[in-house]
Amino acid sequence: MQDNATEVTAAGIARLAGVGRAAVSNWRRRHADFPKPVGGTETSPSFALAEVEAWLRHQGKLAEVPLRERVWQQLAGHPEGPVTALTHAGCVLLLIHDRPTVWLEVSAGSDERLAAMLPGALEQVLVPRFGALRGGRGGGGREIHTPQGVNSPQSVNSLGAANTDGRVNTGGGGNARGDVNTGGPANTSPAHHTPAHNTPAHNTPAIHAPSGPALLPSAPLLRGAAELAAELGARQTFEFLLGRHLDANPRQYTLTPAELAGLMADLAGPARTVLDPACGTGALLRAVTPRPGQELYAQDSAPDLAALTALRLALHARVTVRAAAGDTLRADAHAGLQADAVLCHPPFNERNWGHDELAYDPRWEYGFPARNESELAWVQHALARLKDGGTAVVLMPPAAASRRSGRRIRADLLRRGALRAVLALPVGAAPPYNIPLHLWVLRRPERAPAQPEVLLADAGQFATEGRGGPDWRAVREAVLDAWRAFDKAGRLDERPGLARSVPVIALLDDDVDFAPARHLPPAAAADGAEALTAVRERLGETLRLTTDLTPPPAAAGAQPTRWPLTTVGELARGGALVMRTGGNGGHARVPVLTDHDVLAGNAPSGTLPESDEEAVLMEAGDVVVPVLGGGSVTRVIDDATAGAALGRNLVLLRPDPTALDPWFLAGFLRGTANNRQASSYASTATRLDVRRLQLPRLPLDEQLRYGARFRALDDFERALRSAGRLGEQLVRGMYDGLTDGTVAPG
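One numbering rule holds for all chains: residues counted from 1, following each sequence as written. At least 70 in pLDDT is required for a residue's local features to be given in this predicted model, at least 80 for side-chain atom pairs to be given and counted, and no such filter applies to totals for whole chains, interfaces and linings, which use all residues. Note that water and hydrogens are dropped before the side-chain values are worked out from all heavy atoms of the structure.

This part is about the pairing of strand S10 (residues 295–300). Counting buried positions along S10 gives six out of six residues, so the element sits mostly inside the fold. Burial along S10 is two-sided: Glu295, Tyr297 and Gln299 and Leu296, Ala298 and Asp300, pointing in opposite directions, are all buried. With four bridges joining them, strand S9 (residues 273–276) and S10 adopt parallel strand pairing. Bridge pairing in S10 places Asp276 opposite Ala298. With six bridges connecting them, S10 and strand S11 (residues 320–325) associate as parallel partners. Its bridge partner being in S11, Leu296 is matched across the sheet by Val321. If you view a crossover with the strands going away from you and the path from the first strand over the helix to the second runs clockwise, you call it right-handed. Secondary structure follows DSSP: runs of H or I at least 4 residues long count as helices, runs of E at least 2 residues long count as strands, and numbering of each begins at the N terminus. Regarding the hand of the β-α-β motif, the stretch spanning S10, helix H13 (residues 303–316) and S11 is right-handed. Each residue's exposure class comes from its accessible area (1.4 Å probe, protein chains only) as a fraction of the maximum for that residue type: buried when under 20%, exposed when over 50%, partly exposed otherwise. The pairing criterion is simple: DSSP has to find at least two bridges between the two strands.

Structural data, given as C-alpha cells:
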C-alpha cells in the first residue's frame, strides 16, 4: 500500500456502500477494525480507498463496487488532485485507443512495473499524436508540430493549457472558459509585457509522458480506467470522467452548453481549419463536424487544462489538433494562422486583458478597445486570425452591442462589412443565465459590400421556465434558417418579432446600437383581443375547478393518530420498493426531469451530458423526491412523464403495487414533521436523507383510501398553479394590449 494512495472521504464511503453519512459515522464508532484516517482534518478525515473497500467487503456491506463509482473515487481522491489524475488517465486511454496491445503488455505485473514501463509506451503515442516541441514563429508561443515522416492520424501543436468549457476564474485577463480561482490574472504574459507580436516563446507542451514516480500513485486509477474502457470505449470513458469532474465543481467552471456549441459551429459552417482562442476543455471545437484533413487550433492560459483539451479532441476524432498554452491576447501562439473559422466564448468584463501593453498591436484594425471593452479585443483577435472570407462566431454579453465606449469600433465593423449578424439568444442559454447573451457573426471582408445590411435576430421567445435552458430545437431552426437565407441573399425580409436585415446606414447614428430588441418590432398579436378573451375564459374555468376541488375542512378537535411506523430504508431492504438516484449522463435526446421541474410542477425540461452511462428512466407510478432545498415536495409520475430520465438531486422510489400505493407513499412523505426529522443541515443547504422518511404501516385497502385523498389534493395543487400562470398571462396580455393599442381602455 502506497503512503500516497487514493484517499476517500466519509461522503465517498457512503456513496460506495449506498448508505447515508450517519451510517459511516456509526461504523467508525462501533467497529474497532474500521480503517484509520490517513489524511484530511479532524472534522473531515480521509481514508485509504483500498483499505475501505477491503473492510466493506469483509463486513458484507459491499458485495460489488460499481466500476464507474470506483474509478471516479480513485480519480477524485488522487493525491495530486483530479486534474492530474484526469491527465494521467487520458494519456492511458489514448494509448489504449491507439495501441491496445502495448497497454496489455505494460499493464501485466505489479504497479511498480507498470509505472516503470508506461512512460516509454506513452511516448510512442504522444509524440506521433502531439508532435515534438520546437521554437515558435512570432506571436509569443512555441508551436508543436508532428515531425515529418510520422504517419500520425493526428498531430497536435500542443503547448499548454486547455481553456475549459467554462471559464476559469482567474481574476482577470484569462482565456479560460472555466476559470480556475487562482486569484491572479489569467493569460499571464512575461513580466516585461512586450506586445503580442514580438513576445518571445514561453509556452510549455500541453502533453508529455509523466515520469514513473509520478505515475505510481495513479496505477490503481489507470487499471480501473482501462477496465472501464473495455466496457464503454476509451473516448466514452474519458468523457464520463471529465463530465463527473466538471459536474463536481460547478462553481469552478462556467460551461458552454453543448447545444450552444453546436449552434455556433453550424453558423460558422464547414471549415478545414478552425480556431478557438479561448478553448476551455474544447466544447466548441468538439462541436465542429470532423472532415478529412481538418485542423483544430486552440489556446488558453491554464496549462493543466490544456492537456485535457488536447486529449479530449484527440480521442474525439482523427483530425489534426494544435493546442497551445499562453495568454492569447498578450502572447498569441497562432499569430500566423489564416483560419476558415473562429469560434470563441471569451471571458466577459475583464479589465486586465492587456490594454496598457497592446496599444500598438496590429490586430486592432477597427480601433483600439477601451479598457472596459475586452470583448471587442477578442472580436478583433478573431477577425485577425481569419482568412479572407472566413467566418467567426463569438458569444458576447448584450452590453457590448450598445456601450458608448465601444461605438467607434462597432461603427467601423459595420462600415467595412465585418459584422454580418447579431443574434440574441433566449435567457438561460449560457452563463450568466439571467441575461440574454448575443452571438456576433463576423466575416473577414474580401471587399466592402456596395449596399451592406446586417441581420438582427431575437430568439428570446423560445425561453422556457425550467432549468434545462431554452427550446434549443426551436432556437436552432429559427436562427439557422434566418442566417442561411440572409447569407445567401444578403438581405432578409422581416419576420415579425424574430428577424430582419437592417441597412448599415440605419445603424450608424450617435449610439451605433445594434441590440436586436431595439430594431425588431414585436410580433403582431394574433387576434389580440380574442386571444385575451380565450385566456380569461380558461382562467374562469380553472378557478371554478379549484372551487370544486377544494378539500373539506378537517373535523374539529381531531387528535393525531399514533400508527406503527416504518422507514423508506426498511421498505427498500424488505423489497417493498426500489430506490434509485439520478445520474450524471445518458442519452442526449431523452428529456430529463429536474429538481426544479418537480418543485414547479413542470414537464421534464432538462438535459444530461451524452454518455454511455445508463440513465434512470421513470415509469408510471414512480414517486420522485428532491433531496436538496428543504422543501416537502414529491411527485407521482404519470403516463405523460413516464420514459423521461431522472435528473440529479432526485431520488426515485418504485413501490411494489401489491404492497404500497404510490399516492399513499407520496402523500405521507410530504409531511412537514417527517421532512424535518429526515433532513441534515450544512452551512448553505439542507439535504434530505430519503431513507429516513417515515410512513405508517397500514393495510393496502387503507392505503388506497389515503391515496385517493392525497391524489385529490395533488389535483387541487395543479389547478392552483394553472390558475396562477393563466392569471399572469392575462395581466401581461392586458398591459401589452393597452400599450400597443390592440385593446381599448373600455
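So that's the structure; there's more coming.
A few words now on the sheet that holds strand S2 (residues 39–40). The sheet built from three strands is open, its strands ordered S1-S3-S2 with antiparallel pairing. Single-partner strands in this sheet number two, and they are strand S1 (7–9) and S2. Here S1 runs beside strand S3 (residues 45–48); their pairing, made up of three bridges, is antiparallel. What sits directly across from Thr9, in S3, is Ser46. This element, helix H1 (residues 10–17), spans S1 and S3 of the sheet and lies at about 85° to S1. What makes two residues a contact is simply this: any of their non-hydrogen atoms within 4.5 Å. Fitted lines through C-alpha atoms serve as axes, helices being fitted only where they are in contact, and the angles separating the N-to-C directions of these axes extend from 0 to 180 degrees.

Before going further, it helps to examine the side chain of Asp458. Mapped onto the secondary structure, Asp458 falls in strand S16 (residues 453–458). We score Asp and Glu as negative and Lys and Arg as positive, and we do not count His or the chain ends. Any carboxyl oxygen of Asp or Glu within 4 Å of a side-chain nitrogen of Lys or Arg constitutes a salt bridge here. For Asp458, which is buried and forms no salt bridge, the nearest opposite charge comes from Arg518, at a distance of 10 Å. Here the side chain of Asp458 touches Gly460 through a polar contact of 2.9 Å, landing on its backbone nitrogen. What Asp458 contacts, discounting residues up to four positions off in sequence, is Ala424, Gly497, Leu498, Pro516, Ala517 and Leu520. Whenever two N or O atoms come within 3.5 Å, that pair is a polar contact, provided that in protein one can donate a hydrogen and the other can accept it, and provided that, for residues adjacent in sequence, both atoms are side-chain atoms.

Turning our eyes to something else, we now look at the nonpolar core. Here, the term nonpolar core denotes a set of buried Ala, Val, Leu, Ile, Met, Phe, Trp, Tyr and Cys residues that are joined through side-chain atoms within 4.5 Å. Judged by nonpolar contacts, the single largest core of 52 residues is most densely connected at Trp103 and Leu118. Within the residue set of this core, elements represented by two or more residues are helix H4 (67–76), helix H5 (82–98), helix H6 (100–107), helix H7 (111–130), helix H9 (219–232), helix H10 (234–248) and H13. It is H5 that contributes the most residues to this core, 10 residues altogether. When neighbours within four sequence positions are excluded, Leu118 is seen to be in contact with Val92, Leu95, Trp103, Val106, Leu215 and Leu222.

Moving on to the packing of H7 against H9. Direction vectors running N to C along H7 and H9 enclose 80°, while the axes themselves pass 10 Å from each other. The angle between H7 and H9 places the two elements in the roughly perpendicular class. Each of Asp111, Leu114 and Leu118 in H7 lies in contact with H9, whose residues at this interface are Ala219, Pro220, Leu222 and Arg223. Every angle not falling under 35 degrees, over 145, or within 65 to 115 is termed oblique; those three ranges are roughly parallel, roughly antiparallel and roughly perpendicular.

So, on to unusual backbone geometry. A cis amide bond links Pro431 to the next residue, Pro432, at an omega of -5°. Mapped onto the elements of the fold, Pro432 is located in the loop between strand S14 (419–424) and strand S15 (438–443). Positioned with a positive phi, Asn349 is a non-glycine residue whose angle comes to about 55°. Within the secondary structure, Asn349 is located in the loop between strand S12 (339–344) and helix H14 (374–384). Among the residues examined, Asn349 registers a relative accessible area of 56% and is labelled exposed.

Of all the 10 residues making up H4, eight are buried; the element is thus mostly covered by neighbouring parts of the structure. If you check which residues of H4 are buried, you get Leu67, Glu69, Arg70, Val71, Trp72, Gln73, Gln74 and Leu75. Looking at the buried side of H4, the elements it contacts are S1, H1, helix H3 (49–58), H5, H9 and H10.

The next point concerns the sheet that holds strand S22 (residues 635–636). An order of S19-S24-S21-S22 is seen for the four strands of this open sheet, with the pairing classed as antiparallel. If you trace the sheet from one side to the other, it starts and ends with strand S19 (577–581) and S22, each paired once. In this sheet, strand S24 (residues 650–655) lies alongside S19 in antiparallel orientation, the contact comprising five bridges. If you follow Met579 over to S24, its bridge partner there is Leu653.

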